[in-house]
Every structure is written in C-alpha cells, then in structure tokens.
Amino acid sequence: MRAGRIAALACAAALVAGCALNSRTVVREIDDASKSVTSPLASVAIVAVDRDPGARRLWEDAFAARFAARGVATTKGEGLLGGASVDTDAVTADGSPVIAAARKAGAEAIVFIRPPNAVPVEPGRSAYRWLDARSGPDPRTELDTTPVSVTEVRVFDLTSKARTWRAMVLVRFPQGAADAGEAANAAVAAMALRGFVPAAR
C-alpha cells in the first residue's frame, strides 16, 4: 500500500515537473513563460511555422483535432496567413496580419507550432535543457545519444495577455510526420494541466 502511494506521488510530481506522457514523449515547459489559468480557452487559431505548406497543414490538422476533441473551436493558419511571411528562425508568423486575422476569426489566442523539421535531429544535443526548458534531474542528460526531435509550442493570448504558455515537446527516436499526433496529444494534455483547455472528455 505504502509503495503504491509513493509511486502515485512520484507520478504526480513527474507530471508537474515535466509532463512525461510516455517513454518517447516529454513536455518541457519554459517556466517563466507558462502560467496556470482559471478559465479555459474557448477558441484558438493554430499556426504552424514552417515554409513547407504540406508540413503546416499536417501539424495544424493534428493540433486542431486535439483541441476540438476537448470542445475548443479552432481556426487553422492556412486561412490566416494570407500575405504574411513565415520566419522559422524567429519562431513566429509575420506579426500583425496573422494577429488581426485571428482576432477577426474570433480566436482568444494563437497557438504557434514550430515543427521539428526546423530543428536538426542529432544525438547528444542535450535537448532536455534546450532554451532553458524546465526539467527535473535526468541521468541521461549528459550521456544519452538518443536522437530527439523538438517541437516548440507557444500560446499567444489575444485578449488579456495573461494566458501564456510555452514548451518544448521532445520525441525520442522520432519518426517525422508520424509524430505530429503524438506531439499534439502531449502538448494539449500539458495545457489542460494548467487550465488552458478542458479536461479530456
């Protein structure tokens, strides 16, 4: 009994510290850019930042499906980008046109996604500490040479600017496009823990 309680507490602590969804996928939040909220988002615009239109559609579709499954209305980036340029280095879509279009569509926030094909998949890159992402101690951080892909997900609040969230979704032994759904599952589940979306139905 006691061992079971200890295991449960350890699991809860792991979720708070790093949201380990399974053996392949971990969410590392950027601590100073992630807040807990009391009211979930009702509608979001989803913009994948990638110069490849096919990759943008794939990742936007994957995230839109996960938000919709939790009752959040979505507008995908293809209808928002218009004449805006995409800058994968700055991890943003060219500012005001996309923001104005998202507001016009009734979105409360924009969810920016930077797919992992913009981040080279190489062993030994210490991705657990990538961009100061929060993580608990991991003995493999220095020595692990497992290939890891990194997807950045960022919530940009269009209303009060109080609802912000940013994280890196790490997928070990990545499989390219096949990981879009897994990364989306992990990110949306982590957002739910902070109150951004309703709990799974």
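Before reading on, note that the structure itself is shown above.
Let us look at the structure shown here. (Residues numbered from 1 in each chain as written. Predicted model: local features only at pLDDT ≥ 70, side-chain atom pairs only at ≥ 80, totals over all residues. Heavy atoms only, no water.)

Quick word on the overall build of the chain
Here is the rule we go by: Helix and strand labels come from DSSP, where a helix needs a run of H or I of at least four residues and a strand needs a run of E of at least two; each type is numbered from the N terminus. When accessible area is computed with a 1.4 Å probe and restricted to protein chains, residues below 20% of their type maximum are described as buried, those above 50% as exposed, and intermediate ones as partly exposed. Here the open area of atoms and residues is found with the Shrake-Rupley method and a 1.4 Å probe, where only the protein chains shown may cover a residue.
Tallying secondary structure elements over the chain gives five helices and eight strands in all. In the chain, the order of α-helices and β-strands from amino to carboxyl end is α-β-β-α-β-α-β-β-α-β-β-β-α. Looking at the 201 residues of the chain, the share that counts as buried comes to 44%. Element-wise, carbon and sulfur atoms account for 57% of the exposed surface of the chain, whose accessible area totals about 9700 Å².

Remarks on the pattern of salt bridges
For clarity, the cut-off: Throughout this description, the term salt bridge denotes a Lys or Arg side-chain nitrogen within 4 Å of a carboxyl oxygen of Asp or Glu.
This structure, assessed with the given rule, holds seven salt bridges. One salt bridge in this structure joins Arg-24 and Asp-179, with 3.1 Å as the shortest N-O distance. Taken together, the residues Arg-24 in the loop between helix 1 (2–18) and strand 1 (25–29) and Asp-179 in the loop between strand 8 (165–172) and helix 5 (180–193) connect sequence positions 155 residues apart. For the pair formed by Arg-24 and Asp-179, the shared burial category is buried. Among the ionic pairs, Arg-163 bridges to Asp-157, the shortest N-O distance being 3.6 Å. Since its relative accessible area comes to 2%, Asp-157 is described here as buried. Salt bridges sharing partners connect three or more residues here, namely Arg-24, Asp-179 and Glu-182.

A look at the environment of Glu-182
Here Glu-182 is to be found in helix 5. C-alpha of Glu-182 to C-alpha of Val-171: the two residues are eleven residues apart in sequence and 8.5 Å apart in space.

What about helix 2 (residues 53–69)?
Quick note on the threshold: Multiply 1.5 Å by the residue count of a helix minus one, and that product is the helix's expected span. Counting of polar contacts relies on pairs of N or O atoms within 3.5 Å, with two restrictions inside protein: one atom must be capable of donating a hydrogen and the other of accepting it, and residues adjacent in sequence are counted only when both atoms are side-chain atoms.
Here helix 2 is 17 residues long and its end C-alpha atoms lie 24 Å apart, about the 24 Å a rise of 1.5 Å per residue gives. Where helix 2 is concerned, the buried positions are Ala-55, Arg-56, Trp-59, Glu-60, Ala-62, Phe-63, Ala-64 and Phe-67. Sitting at the amino-terminal end of helix 2 is Asp-52, which places a side-chain oxygen 3.0 Å from the backbone nitrogen of Gly-54. Looking one or two places after helix 2, you find Gly-71, whose phi comes out positive at around 85°.

Re the sheet that holds strand 3 (residues 73–76)
Under the convention used in this document: When DSSP finds at least two bridges between two strands, those strands are taken to pair. Lines fitted to the C-alpha atoms define the axes, with helices restricted to the stretch that makes contact. Angles between their N-to-C directions range from 0 to 180 degrees. Whether two residues are in contact is decided by their heavy atoms, any of which lying within 4.5 Å being enough.
Spatial ordering of the open sheet is given by 1-8-7-6-2-3, a layout of six strands whose pairing is mixed. Looking at strand neighbours, the two that pair on one side only are strand 1 and strand 3, the edges of this open sheet. For this sheet the average axis-to-axis angle between neighbouring strands, irrespective of direction, equals 25°. In terms of strand pairing, strand 6 (residues 109–114) meets strand 7 (residues 148–157) through six bridges, oriented antiparallel. Within strand 7, the residue paired with Phe-112 across the bridge is Arg-154. The strands that helix 4 (residues 95–104) touches are strand 2 (43–48), strand 6 and strand 7; relative to strand 6, the one it contacts most, it runs at about 130°. Across the face of the sheet, helix 5 comes into contact with strand 1, strand 6, strand 7 and strand 8 while running at roughly 140° to strand 8.

Here we look at helix 5
One full turn of an α-helix is made of 3.6 residues, so residues set three or four places apart face in the same direction. Across its 14 residues, helix 5 extends 20 Å between first and last C-alpha, which sits within 8% of the 20 Å expected from 1.5 Å per residue. Every buried residue belonging to helix 5 is among Ala-180, Gly-181, Ala-183, Ala-184, Ala-186, Ala-187, Val-188, Ala-190 and Met-191, and all of these are buried. The first or second residue beyond helix 5 is Gly-195, which carries a positive phi of 90°.

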